[in-house]
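Analysis of the macromolecular model
Below are the chains, spelled out letter by letter.
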Amino acid sequence: STAFLEALAPVVGLTSLAMAEAATQAQAAGLLAGSEFAHDLVRETLVQRAAPAVRRAMHAGIARHAQAQLGAHALAGQWWAAGREDEAVAQTELAAALDRSRGLLEPALALLESALARTADAARQARLHSLLAATHFQAGDNEAAARWVAATLAGAPGPQARLEALFVQAELALATGHIGDAERLVQQVLAIDATAGDSVMLAAHIASLNGDFARAEALLERLRSERQH
């Protein structure tokens, strides 16, 4: 499409007009069919002939300049191919979150596990562990969720990963009837981030279970006030 060619032009160092002319010539030569390679062999030959550094630069350029045309899943693939682990993991997390919001839990788990296998960075591993815990809990697999919570807290979690792991741990405690443990854990979460909406709602729910309706209402009122601002 025209929009894609305009986005791709800066990746290869051409103007939009030069990019359109090059695409037209490639189509006339039978290399392109529309905006796709006419044959897989053509694409594979061009990729194989490019030096590894050039391929990485092209993938990074595509990820930077074609974000509007590519979804989270495709962008994650481009960043992995570019060798840019920071961006790849971040985009993988977004893709997994999108899958989770759609109820596609198995694909979300596969994305997170694939990213975990590709990084040796302790902080990124902890973050992925915490997301795996949350996704398994969402899928109803409490045993797996508990294992990933333990893996998160045993590693080197940053504040966000620790918060997420403790929140899942609180949900697990509540799901198994351990209300006191759930209350203690959710307070640890709120000590990290007192404005975390899900955690405030969970704290309010626990307060109501304990019969402390005034505290539950105060927590929900504070949450409503914060969201209005």
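See above for the structure.
The numbers attached to residues start from 1 for each chain and follow its sequence in the written order. Selection of residues for local features in this predicted model requires a pLDDT of at least 70, selection of side-chain atom pairs for listing and counting requires 80 or more, and totals for whole chains, interfaces and linings are taken over all residues. The side-chain quantities take in all heavy atoms of the structure and omit both hydrogens and water.

Some thoughts on the packing of helix α5 (residues 72-81) against helix α6 (residues 85-101)
The interhelical angle for the contact between α5 and α6, taken along N-to-C directions, is 160°, at an axis separation of 8 Å. In this view, α5 runs roughly antiparallel relative to α6, as classed from their interaxial angle. Here α5 and α6 pass one another in a crossing that is left-handed. In this structure, α5 uses Ala72, His73, Leu75, Ala76, Trp79 and Trp80 to contact α6, whose residues at the interface are Glu85, Glu87, Ala88, Val89, Gln91, Thr92, Leu94, Ala95, Leu98 and Asp99. Residue polarity follows a fixed list, in which Ala, Val, Leu, Ile, Met, Phe, Trp, Tyr, Cys and Pro are nonpolar, Asp, Glu, Lys and Arg are charged, and the others, Gly among them, are polar. In terms of residue class, the contact of α5 with α6 is built from 10 nonpolar, 3 polar and 3 charged. To define axes, lines are fitted to C-alpha atoms, for helices over the stretch in contact only, and angles between the resulting N-to-C directions are given on a 0 to 180 degree scale. Secondary structure elements follow DSSP: runs of H or I no shorter than four residues count as helices, runs of E no shorter than two count as strands, and numbering proceeds from the N terminus. Any angle that is under 35 degrees is reported as roughly parallel, and any over 145 degrees as roughly antiparallel; angles of 65 to 115 degrees are reported as roughly perpendicular and all others as oblique. Helix crossings get a hand from a simple test, with the near helix turned counterclockwise from the far one by less than a right angle marking a left-handed crossing and a clockwise turn marking a right-handed one. In what follows, a contact means two residues having at least one pair of non-hydrogen atoms within 4.5 Å.

Some thoughts on the pattern of salt bridges
Here a salt bridge means any side-chain nitrogen of Lys or Arg lying within 4 Å of a carboxyl oxygen belonging to Asp or Glu. Using the criterion set out here, one finds 9 salt bridges in the structure. Put simply, Asp86 and Arg124 hold a salt bridge, and the shortest N to O gap is 2.4 Å. Linking Asp86 in helix α6 with Arg124 in helix α8 (residues 122-138), this pair joins segments that are 38 residues apart in sequence. Note that Glu221 is salt-bridged to Arg224, the shortest N-O span being 2.8 Å. Highlighted residues: Glu221 and Arg224, both in helix α13 (residues 213-228), separated by 3 residues, approximately one helical turn. Within the structure, one salt-bridge network assembled from shared partners comprises Glu85, Asp86 and Arg124.

A closer look at helix α7 (residues 105-118)
Counted at 1.5 Å a residue, the expected span for α7 with its 14 residues is 20 Å, and the 20 Å between its end C-alpha atoms agrees. Each residue is assigned to one of three classes by its accessible area relative to the maximum for its type, calculated with a 1.4 Å probe on protein chains only: buried under 20%, partly exposed between the two thresholds, exposed over 50%. Here α7 has its buried residues at Leu105, Ala108, Leu109, Leu112, Ala115 and Leu116. Down the axis of α7, the buried side of the element spans an arc of 130°, and every buried residue falls inside it. In this structure, α7 carries Glu106 and Ala117 as exposed residues pointing more than 90 degrees from its buried face. For α7, the secondary structure elements touched by its buried residues are α5, α6, α8 and α9 (142-154). What a helix should span is 1.5 Å times the count of its residues minus one. Note that the arc is defined by the directions from the helix axis to the C-beta atoms.

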